[in-house]
Amino acid sequence: MLGYTITQWLFGILSFLSIMFGLMVVFSRNPVNSVLYLVMTFFCIAGHYLLLNAQFLAVVHIVVYAGAIMVLFLFVIMLMDLNQENEPQKAWLIKLIAGIAGGMLLFVLVGSLKGSEQLGLAQYGSSQIGTVKNLGKVLFSEFLFPFEIASILLLAALVGSIMIGKKDIK
Amino acid sequence: MLTFIISKLIICVVVFAISLAVAAYSTWWERKLSALLQDRVGPDRAGPFGLLQPLADGGKMFFKEEIIPNVSNKFLFILGPGLVMVTALMTGAVIPWAKDAYIGGALYSMQITDINIGVLYLFGVVSIGVYGIMIGGWASNNKYALLGAIRASSQMISYEIAMGIAVIALIITSGGTLSLREIVEQQDAGFANVVWQPLGFIIFFVCALAETNRAPFDLPECEAELVGGYHTEYSSMKLGLFLFAEYINMFISSAVMAAFYFGGYNFPFAHELYDAMGLADGSKWIALIGFGAYFTKIFIFISVFMWIRWTLPRFRYDQLMNLGWRYLLPLSLLNLGITVVVEFFRGNLHF
């Protein structure tokens, strides 16, 4: 179709949708709508993972981000009852500074991507690395140490959040 | 290619129709069973034994006045019940309904799709299923609906964890596969998984009750405190979709439990029976008998769901959270530890 393969079409459509939903997160006035647009963005990103042959990552992305974390976001925002009337209006100077700072972050991110193709990313196995079996084997053999470190980090964060949440610490 | 697409389309439509039909007749069976338990007659006016009652109920739902609250977010208000229904129907896609069979010389799979991450797909769909209830409850702009929605989401997130760990133990028992077909197939020889996973099955069952918002965990629609819970403001068929989705969820979770723990379309002495009947592998009669065995198990599970609803009183909210976090989660971790040790000595762990 028009000289492009189906994969390229899918990539184009998914990229357009994820950027559009990402912009809608920022531009929508209602915080609940923002959260729902963010959920849609996560679905589009999961689609990108599927295109990269990483089914496990795609499904876990949906289960963890869309299914658990964003539900908690929605939960908190619904409880806080944010309305458009009591939304604080920022001064134009702050808006300008925020715009410039955000633009510079974008500049840094785009700059870091330039030249990444010369890094020569390591190829692990075949194109089937994204399946559960291959990913598990690589994670628990070659990358066991960083994997365990990451899990200890998560455990520490878990214990820390429980401590903060406690009312009376003995 | 064309026959593949047509065969898949046919099986999609069949699974869709079966889900709706089973859900419709579950409402009838629920009313009949509750009547039996309470020594009443139950619905008996529409057709013989009240068999046309689900049609009458559906017709009534469609002809009721439809009210959308003025102050609500109209788009999200309509999206809510639709999302609940879509996610309820999506889960049927990975369930293997029967053995492969030759029909007209070609081998057909009795399953919409056998993806190698079927179990994860189920969890993904279940975890986004809560959005429908949350969006619907919030968009109603009613405090009871909002409280119901918040209860539903916290309940589903809490019980998903214990359920996930119980399923990890099950996956270890069934040799580390995430495909539902392979989980069912490996129970063909030897025992059903429930023999190796009795505790895991109980945890999964309790969590399934909580995930489908069935009694004794139906706090999101607790009428004593919250009027109607998350669907307080809904009327007409939108309310019908919420109620109907609950029955589809019950049907699908019964099917998943039967496949995970009770061998799906396998049953004891199946091969002896097929040999006695002189049926070769891939015969459509084998598929049909297996389908019947699977549906018998599903029917028993649905009946147990209903039996529990009409027997047990509702939990208090703090009791629900205590049960989920302080009892089921540690129990599921214990079950996982025991499973690893048992499977190590059975020689099922590969390094």
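Residues numbered from 1 in each chain as written. Chains lettered and ligands numbered in written order. Predicted model: local features only at pLDDT ≥ 70, side-chain atom pairs only at ≥ 80, totals over all residues. Heavy atoms only, no water.

1. Quick look at the domain arrangement of chain A
Domain annotation of chain A identifies domain 1 (1-83) and domain 2 (125-170). A straight line from the C-alpha centre of domain 1 of chain A to that of domain 2 of chain A covers 23 Å. (Domains from an automatic or database assignment.)

2. Side note on the environment of A35(B)
Residues and elements named next belong to chain B. The topology assignment puts A35 in helix α1 (residues 2-37). Assessed through its relative accessible area of 0%, A35 is described here as buried. Separated by 176 residues in the primary sequence, A35 and E211 place their C-alpha atoms 25 Å from one another. What A35 contacts, discounting residues up to four positions off in sequence, is R40, V41 and G42. (Helix = DSSP H or I, 4+ residues; strand = E, 2+ residues; numbered from the N terminus. Buried < 20%, exposed > 50% of the residue type's maximum accessible area, 1.4 Å probe, protein only. Contact = heavy atoms within 4.5 Å.)

3. A look at a nonpolar patch on the surface
Residue and element names in this part refer to chain B. A contiguous nonpolar surface patch, about 610 Å² in accessible area, is contributed by F191, V195, W196, L331, L334, I338 and V342. Looking at which element gives the most residues to the nonpolar patch, the answer is helix α13 (residues 317-346), with four residues. With respect to the helices and strands, W196 occurs in helix α7 (residues 193-196). Residue W196 is classed as partly exposed on the basis of its relative accessible area, which comes to 33%. (Patch = residues over 30% accessible without salt bridge, like charges linked within 9 Å, V, L, I, M, F, W, Y side chains within 5 Å. Areas by Shrake-Rupley, 256 points an atom, 1.4 Å probe, with all protein chains shown as cover. Salt bridge = Lys/Arg side-chain N within 4 Å of Asp/Glu carboxyl O.)

4. A closer look at the interface of chain B and chain A
With 21 residues of chain B in contact, the opposing surface of chain A contributes 23 residues. Overall, the association of chain B and chain A removes approximately 1,800 Å² of surface from exposure, summing both partners, and the carbon and sulfur fraction of that is 82%. When the buried area of chain B at its contact with chain A is split by residue, Y131(B), M134(B) and W138(B) rank highest and sum to 30% of it. Between chain B and chain A we count zero salt bridges in total. At the boundary of chain B and chain A, one finds one residue pair in polar contact (both at pLDDT 80 or more). Going through the elements one at a time, α4 (118-139) and α5 (143-173) of chain B are the ones with two or more residues in the side of chain B that touches chain A. Taken together, the residues of the side of chain B that touches chain A break down into 15 nonpolar, six polar and no charged. (Buried area = accessible area lost by both parts, 1.4 Å probe. Polar contact = N/O pair within 3.5 Å; in protein donor to acceptor, adjacent residues only side chain to side chain. Nonpolar A, V, L, I, M, F, W, Y, C, P; charged D, E, K, R; others polar.)

5. Some thoughts on the packing of aromatic side chains
All names here are of chain B. Here the structure, examined in full by the defined rule, presents 26 aromatic pairs over all chains. Ring geometry for F201 and F301: centres 6.0 Å apart, planes at 55°, overall tilted. Of this pair, F201 sits in helix α8 (residues 198-211) while F301 sits in helix α12 (residues 284-309), placing them 100 residues apart in sequence. A relative accessible area of 15% places F201 in the buried class. (Phe/Tyr/Trp six-rings, centres within 6.5 Å; stacked < 30°, edge-to-face > 60°.)

6. What about the nonpolar core?
Residues and elements named next belong to chain B. Grouped together as the largest cluster of nonpolar side chains are 102 residues, with contacts concentrated most on W97, V119, F260 and Y294. For this core, the element with the most residues is helix α10 (residues 236-261), which contributes 16 residues. Look past the residues within four positions of Y294 in its chain and what remains in contact with it is I95, P96, W97, A255, V256, A258, A259, G264 and Y265. (Core = buried A, V, L, I, M, F, W, Y, C linked by side-chain atoms within 4.5 Å.)

7. Details of the pattern of salt bridges
Residues and elements named next belong to chain B. One pass over the structure, following the stated rule, counts eight salt bridges over all chains. Two residues, K238 and E66, come together in a salt bridge whose shortest N-O distance is 2.0 Å. Pair noted here: K238 is in helix α10 and E66 is in the loop between α2 (53-63) and α3 (74-90), with a separation of 172 residues, a long-range link. Look at K238 and you get buried, because its relative accessible area is 10%. Accessibility expressed as a relative area gives 44% for E66, which makes it partly exposed. What you see here is one network of salt bridges that share partners, running through E30, R214, E246 and R309.

8. Details of the side chain of T212(B)
Residue and element names in this part refer to chain B. Along the chain, the position of T212 falls in the loop between α8 and α9 (223-226). Of the polar contacts made by the side chain of T212, one reaches the backbone oxygen of A208; its length is 2.8 Å. A distance of 3.2 Å separates the side chain of T212 from the backbone oxygen of L209, its partner in a polar contact. Look past the residues within four positions of T212 in its chain and what remains in contact with it is E246, N249, M250, S253 and F305.

9. Observations regarding helix α4 (residues 92-113) of chain A
Over its 22 residues, α4(A) extends 32 Å from the first C-alpha to the last, a length consistent with the 32 Å expected when each residue adds 1.5 Å. Just downstream of α4(A) lies G115(A), where phi reads positive at about 90°. (Expected span 1.5 Å × (residues − 1).)

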